[in-house]
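For reference, the chains in residue letters:
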Amino acid sequence: MEKSNKSGRTFFIILLVAILLIAGVAAIAIVLDGKSTDKEANKAKEADVNTSISQGEAKEYNVKSDGNVLTSVEIAEKVKPSVMAVVTYRGDSVYGEGSGIFMSEDEDGNYTYVLTCAHIVSTGKVDIKIELEDETQYDAEIVGYDTRTDIAVLRVKATGFTLAEFGDSSVLKVGEPIYAIGNPGGTAFFGSFTGGYVSAIDRPTSTSSSAYTMECIQHDAAINPGNSGGALVNSFGQVVGMNSSKIAAEEYEGMGFAIPINLITDVVNDILSEGYVQNRAKLGISYVQVSQNQTYSMICKQNKLPSGSIIIAQIEDGTALSDTEVVEGDIIIGVNGKDMDSVDVLLDIIEKAKPGDKVELKIAHVNNDYTVDKFSVTVALSEDTGSSEEVTEQQKDDDFKNPFAR
């Protein structure tokens, strides 16, 4: 699908210092890649294909002619048992709380598979449990996750839960009623049910933990920290999306975003069969936009560098730039002969590329007197497995030390 509304995408990349909807987790750095750290992802190769999402009939909303439309009470009664809490622990202390959806069972009747958000469980060094409304807990293990799309699959060694019915997000309409079920604020508000309308079908969004832009369902059903991984449900009681983020600025209200179930299905299938989403490219850096740093903004203006240039905050070991003369703190000012008038110039090229494709980057190295030396480097893109550690605000500060800070 072609990306729509380029200016909208830029707006969200800058503004959506979108709070990741789980208490205690605040991923800040904008990342073009993931660090492959989770050994559990390899367990996905053992998973049976029948554990994947089973989508039901595509039901298009038309309240005048369709007698299958449920009341809000019927929807809550149908879907709430399929949504649980996902709680992470470090030692005996709760580290974070989110939501999850009972997705499927394996053929042997040993495991139940759970759909949730990657940012809830990809923090590393945490124990993961799912919790039901009666406070019963089950140990959960990671099957695999994809930080690029914020999708994760867990499994618990138990069965008999109420599995969700999944729908078709492609038939959603703007103005259609929509409902969110999850745990805002954590288990203290377990299974909260809110309603609203579909505000946009394919809103391009990018959370602050990933530079990958995907088209999400925008809606105004109330969601808060803890709703991540919870269900977005249509009027037939079908899960059509998974809540992931919202705009967290005070002047904005009622702007939540859900990952469409059709995208989730494709990602889950790859996670279950291969352990990660295949054949995606990455540059292997974390970056900060020049416009977000006062000193670098001044350097760009003084040296007439493109306004959409980005500062390389971190270079991942073993990726494209790690064995070149490019260093952290350098500025990417062009790619494949195009000036970085917008960060989209680089993002579009990487999104359309395959692992091994070569890109030519124009770099500006900043000297102590604020002048720049320009040079070009051609590198081959690596494969993006979509697995990474959490990037906290403190880690971002550690990763990017402004060499010109006074």
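Residues numbered from 1 in each chain as written. Predicted model: local features only at pLDDT ≥ 70, side-chain atom pairs only at ≥ 80, totals over all residues. Heavy atoms only, no water.

Draft legend 1. Up close: the overall build of the protein. When helices and strands are counted, the protein shows seven helices and 22 strands. With 406 residues in all, the protein has 56% of them scored as buried. Intrachain contacts of the protein at a sequence separation of at least 6 include 71% that bridge at least 24 residues. (Helix = DSSP H or I, 4+ residues; strand = E, 2+ residues; numbered from the N terminus. Buried < 20%, exposed > 50% of the residue type's maximum accessible area, 1.4 Å probe, protein only. Contact = heavy atoms within 4.5 Å.)

Draft legend 2. Up close: the state of the cysteines. Applying the stated criterion across every chain, the model contains zero disulfides. Here Cys 117 is not disulfide-linked; the sulfur of Cys 216 is the nearest cysteine sulfur, at 9.9 Å. Here Cys 117 falls in the buried class, since its relative accessible area comes to 0%. (Disulfide = S-S within 2.5 Å.)

Draft legend 3. Representation of the pairing of strand E6 (residues 127–131). Of the pairings in the sheet, the one linking strand E3 (residues 83–90) to E6 comprises five bridges and is antiparallel in character. The residue of E6 that forms the bridge with Ala 85 is Glu 131. Note that E6 and strand E7 (residues 137–146) share four bridges and pair antiparallel. When the bridges of E7 are listed, Glu 131 appears paired with Gln 137. Linking two consecutive strands that pair antiparallel, namely E6 and E7, is a turn of five residues; a positive phi of about 75° is found at Glu 135 within it. (Pairing = 2+ DSSP bridges.)

Draft legend 4. Seen up close, the sheet that holds E7. One closed barrel holds the six strands; their spatial order is E3-E4-E5-E8-E7-E6, and the pairing between them is antiparallel. The sheet shows a mean angle of 40° between the axes of neighbouring strands, taken without regard to direction. Packed on one face of the sheet, helix H4 (residues 261–274) meets strand E4 (93–105), strand E5 (112–116), E7 and strand E8 (151–156) and runs near 60° to E8. (Axes fitted to C-alpha atoms, helices over the stretch in contact; angles between N-to-C directions.)

Draft legend 5. The arrangement of H4 in detail. Here H4 is 14 residues long and its end C-alpha atoms lie 20 Å apart, about the 20 Å a rise of 1.5 Å per residue gives. Along H4, the residues classified as buried are Ile 261, Ile 264, Thr 265, Val 267, Val 268, Ile 271 and Leu 272. Downstream of H4 by one or two residues, Gly 275 has phi in the positive range, about 95°. (Expected span 1.5 Å × (residues − 1).)

Draft legend 6. Local environment of the packing of aromatic side chains. Under the definition given, this model contains three aromatic pairs. Ring geometry for Tyr 138 against Phe 161: centres 5.2 Å apart, planes inclined by 90°, an arrangement best described as edge-to-face. Highlighted residues: Tyr 138 in strand E7 and Phe 161 in the loop between E8 and strand E9 (177–182), separated in sequence by 23 residues. On the basis of relative accessible area, Phe 161 is assigned to the buried category, the value being 13%. Judged by centre distance (5.4 Å) and plane angle (20°), the rings of Tyr 179 and Phe 193 are stacked. (Phe/Tyr/Trp six-rings, centres within 6.5 Å; stacked < 30°, edge-to-face > 60°.)

Draft legend 7. The arrangement of the side chain of Glu 316 in detail. Mapped onto the elements of the fold, Glu 316 is located in the loop between strand E17 (310–315) and strand E18 (331–335). Owing to a relative accessible area of 15%, Glu 316 belongs among the buried residues under this scheme. In terms of polar contacts, Glu 316 uses its side chain to reach the side chain of Lys 282, at 3.2 Å. (Polar contact = N/O pair within 3.5 Å; in protein donor to acceptor, adjacent residues only side chain to side chain.)

Draft legend 8. Summary view of the nonpolar core. One finds Leu 115, Phe 166, Ile 264 and Val 268 to be the most contacted residues of the largest nonpolar core, which totals 51 residues. Counting residues per element, this core draws most heavily on H4, which supplies six residues. Setting aside residues no more than four positions away along its own chain, Phe 166 makes contact with Ile 53, Ser 54, Gln 55, Gly 56, Ile 101, Phe 102, Met 103, Leu 115, Gln 238, Val 239 and Ile 261. Of all hydrophobic cores here, the second largest spans 27 residues; its members include Leu 283, Ile 285, Met 340 and Ala 353. (Core = buried A, V, L, I, M, F, W, Y, C linked by side-chain atoms within 4.5 Å.)

Draft legend 9. Quick peek at helix H5 (residues 294–302). Every buried residue belonging to H5 is among Thr 295, Tyr 296, Ser 297, Ile 299 and Cys 300, and all of these are buried. Packing partners of the buried residues in H5 comprise E17, E18, strand E20 (358–366) and strand E21 (372–380). Note on H5: the residue one or two positions beyond its end, Lys 304, has a positive phi of about 55°.

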